[in-house]
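Now for the letters of each chain:
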Amino acid sequence: MEIVICKTKEEASRIAASIITAAVKANPETVLGLATGSTPVTMYDEMAKAVAAGEVSYKKVRSWNLDEYVGLPGTHDQSYRYFMNENLFKKIDIDLANTHVLNGLAEDPVAECAAYEKQIKDAGGIDIQVLGIGSDGHIAFNEPGTSLASRTGVVYLTPQTIKDNARFFKSADEVPTRALSMGVGSICEAKKIILLAFGANKADAVAAAVEGGVSQYCTASALQCHNDVWFFCDEEAAAKLKLKDYYSWRSSIKLQKVQVND
Ligand code: GLP
């Protein structure tokens, strides 16, 4: 795991976006795994800026999103399909037909999830997977207590996640209690993973994911077993890491190499 600790989320988002921009320039058919939540929004804006500047095109990029609430149509303003359209897809030149979000209204959710996994496999797998992290250490909607080998399927949100996400709904009662989510095992098949974590309320989750034991109690800890994971944190989210000075020194050297290779 490389841990990049930046002064601000803006700086972290810029660097993370530059890695994606460089990857899409090098391979215009890059397959992206995308995430929702407030965390990646600044990075998505940076990606859009690079498109507007004519630096890169997403015309041939295909994307698969991590998760979707069960019961919300893609037109609902809290659905993750709607979120992606508004916060990224409308701002870049990607073909909407090449963007995939699990269907929260699928009559047969199990078949929907199996077909989604097959689509990703047929596309050659995810080249770069973007992740946020829940305050309880979850990735996608893989809550504490989920097998680290889990595959894409129906999942049940914890009271903590419902509480965290209630800010986007009129009340906590309106937050769906189930979602379709890529599994931890499915996510870990991505070739490269970029996780973003900002703010003090992510500090415990980041510390558990990076320096805690690998455990289903913190599903992000499964990323310790992946060999190309980059955490981009602001100082607040990194505050509880014991080795933060070492990570900063090491990642600054590795980031220079990434830029030289570009
Ligand atoms: C939801 C999403 C996760 C996301 C998390 C954190 O639970 N399913 O993918 O990482 O929220 O959201 P935020 O970035 O708003 O803190």
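The following paragraphs examine the structure supplied in this document. Model, not experiment: these values are computed from the prediction.

## Focus: the site of the ligand
(1) Moving on: Contacts to the ligand come from 13 residues, most closely from Ser38, Thr39, Asp67, His138 and Lys202.
(2) Moving on: For the ligand, a nitrogen atom lies 2.8 Å from a polar atom in the side chain of Asp67.
(3) Moving on: The separation between an oxygen atom of the ligand and a polar main-chain atom of Ile133 is 3.3 Å.
(4) Moving on: Taking 390 Å² as the accessible area of the ligand by itself, protein coverage stands at 95%.
(5) Moving on: The class makeup of the residues in the shell around the ligand is four nonpolar, six polar and three charged.

## What about the nonpolar core?
(1) Moving on: Counting residues in each nonpolar core, the largest one holds 73 residues, and the members touching the most others are Ile20, Met43, Tyr44, Tyr58, Phe231 and Phe232.
(2) Moving on: If one sorts the elements of this core by residue count, helix α1 (residues 9-26) sits on top with seven residues.
(3) Moving on: Apart from the residues within four sequence positions on either side, Tyr44 is in contact with Leu34, Ala35, Phe83, Met84, Asn87, Leu88 and Val130.
(4) Moving on: Counting eleven residues, the second-largest nonpolar core is a separate cluster that includes Tyr69, Phe141, Ile162 and Val175.

## Details of the sheet that holds strand β4 (residues 67-69)
(1) Moving on: With antiparallel pairing, the three strands of this open sheet are ordered in space as β4-β8-β7. What marks the edges here is a single partner per strand, and that holds for β4 and β7 (153-156). Neighbour-to-neighbour, the strand axes of this sheet turn through a mean angle of 30 degrees, independent of strand direction.
(2) Moving on: Bridge analysis of β4 against strand β8 (residues 178-181) gives three bridges, and the strand direction is antiparallel. Following the sheet pairing, Tyr69 is matched in β8 by Ala179.

## Observations regarding helix α2 (residues 41-52)
(1) Moving on: Across its twelve residues, α2 extends 16 Å between first and last C-alpha, which sits within 8% of the 16 Å expected from 1.5 Å per residue.
(2) Moving on: Residues of α2 that are buried: Thr42, Met43, Tyr44, Glu46, Met47, Ala48, Ala50 and Val51.
(3) Moving on: Along its buried surface, α2 packs onto α1, β2 (31-34), α3 (80-87), β6 (128-131) and β9 (192-197).
(4) Moving on: Just downstream of α2, Gly54 is the residue with a positive phi angle, here 75 degrees.

## Concerning the pattern of salt bridges
(1) Moving on: For the structure shown, the criterion picks out eleven salt bridges.
(2) Moving on: In this structure, Glu46 and Lys49 form a salt bridge, with 3.1 Å as the shortest nitrogen-oxygen distance. With Glu46 and Lys49 both in helix α2 and three residues apart, the pair spans about one turn of that helix.
(3) Moving on: In this structure Glu46 comes out as buried when scored by relative accessible area, which is 17%.
(4) Moving on: Of the charged contacts, one joins Asp228 and Lys192 as a salt bridge, the two residues approaching to 3.3 Å between their closest N and O atoms. In this pair, Asp228 is assigned in the loop between α7 (203-211) and β10 (229-234) and Lys192 in strand β9, connecting sequence segments 36 residues apart.

## Structural notes on the side chain of Glu143
(1) Moving on: Tracing the sequence through the fold places Glu143 in the loop between β6 and β7.
(2) Moving on: For the buried Glu143, no salt bridge exists, and the shortest N-O distance to an oppositely charged side chain is 12 Å, to Lys202.
(3) Moving on: Reaching out from Glu143, the side chain makes a polar contact with the side chain of Thr161 at a distance of 2.6 Å.

## Brief notes about the packing of α1 against α2
(1) Moving on: The contact between α1 and α2 brings their axes to 8 Å, and the two run at 50 degrees. In terms of orientation, α1 and α2 fall into the oblique class. In this structure, α1 crosses over α2, and the sense of that crossing is right-handed. From α1, Lys9, Glu10, Ser13, Arg14, Ala16, Ala17, Ile20 and Thr21 reach across to α2, where they touch Thr42, Met43, Glu46, Met47 and Ala50.

## Focus: the sheet that holds strand β5 (residues 99-100)
(1) Moving on: The strand order across the open sheet formed by seven strands is β1-β10-β9-β6-β2-β3-β5, and the pairing between neighbours is parallel. Looking at the sheet topology across the chains shown, the edges are occupied by β1 (2-6) and β5.
(2) Moving on: Of the pairings in the sheet, the one linking β9 to β10 comprises five bridges and is parallel in character. If you follow Ile194 over to β10, its bridge partner there is Trp230.
(3) Moving on: The strands that α7 touches are β1, β9 and β10; relative to β10, the one it contacts most, it runs at about 155 degrees.

Criteria and cut-off values
Residues numbered from 1 in each chain as written. Predicted model: local features only at pLDDT ≥ 70, side-chain atom pairs only at ≥ 80, totals over all residues. Heavy atoms only, no water. Near = heavy atom within 4 Å. Polar contact = N/O pair within 3.5 Å; in protein donor to acceptor, adjacent residues only side chain to side chain. Areas by Shrake-Rupley, 256 points an atom, 1.4 Å probe, with all protein chains shown as cover. Nonpolar A, V, L, I, M, F, W, Y, C, P; charged D, E, K, R; others polar. Core = buried A, V, L, I, M, F, W, Y, C linked by side-chain atoms within 4.5 Å. Buried < 20%, exposed > 50% of the residue type's maximum accessible area, 1.4 Å probe, protein only. Helix = DSSP H or I, 4+ residues; strand = E, 2+ residues; numbered from the N terminus. Contact = heavy atoms within 4.5 Å. Pairing = 2+ DSSP bridges. Axes fitted to C-alpha atoms, helices over the stretch in contact; angles between N-to-C directions. Expected span 1.5 Å × (residues − 1). Salt bridge = Lys/Arg side-chain N within 4 Å of Asp/Glu carboxyl O. Lys, Arg positive; Asp, Glu negative; His and termini not counted. Parallel < 35°, antiparallel > 145°, perpendicular 65-115°, else oblique. Left-handed = near helix turned anticlockwise from the far one by under 90°.

By themselves, these are just geometric observations and shouldn't be taken as functional.
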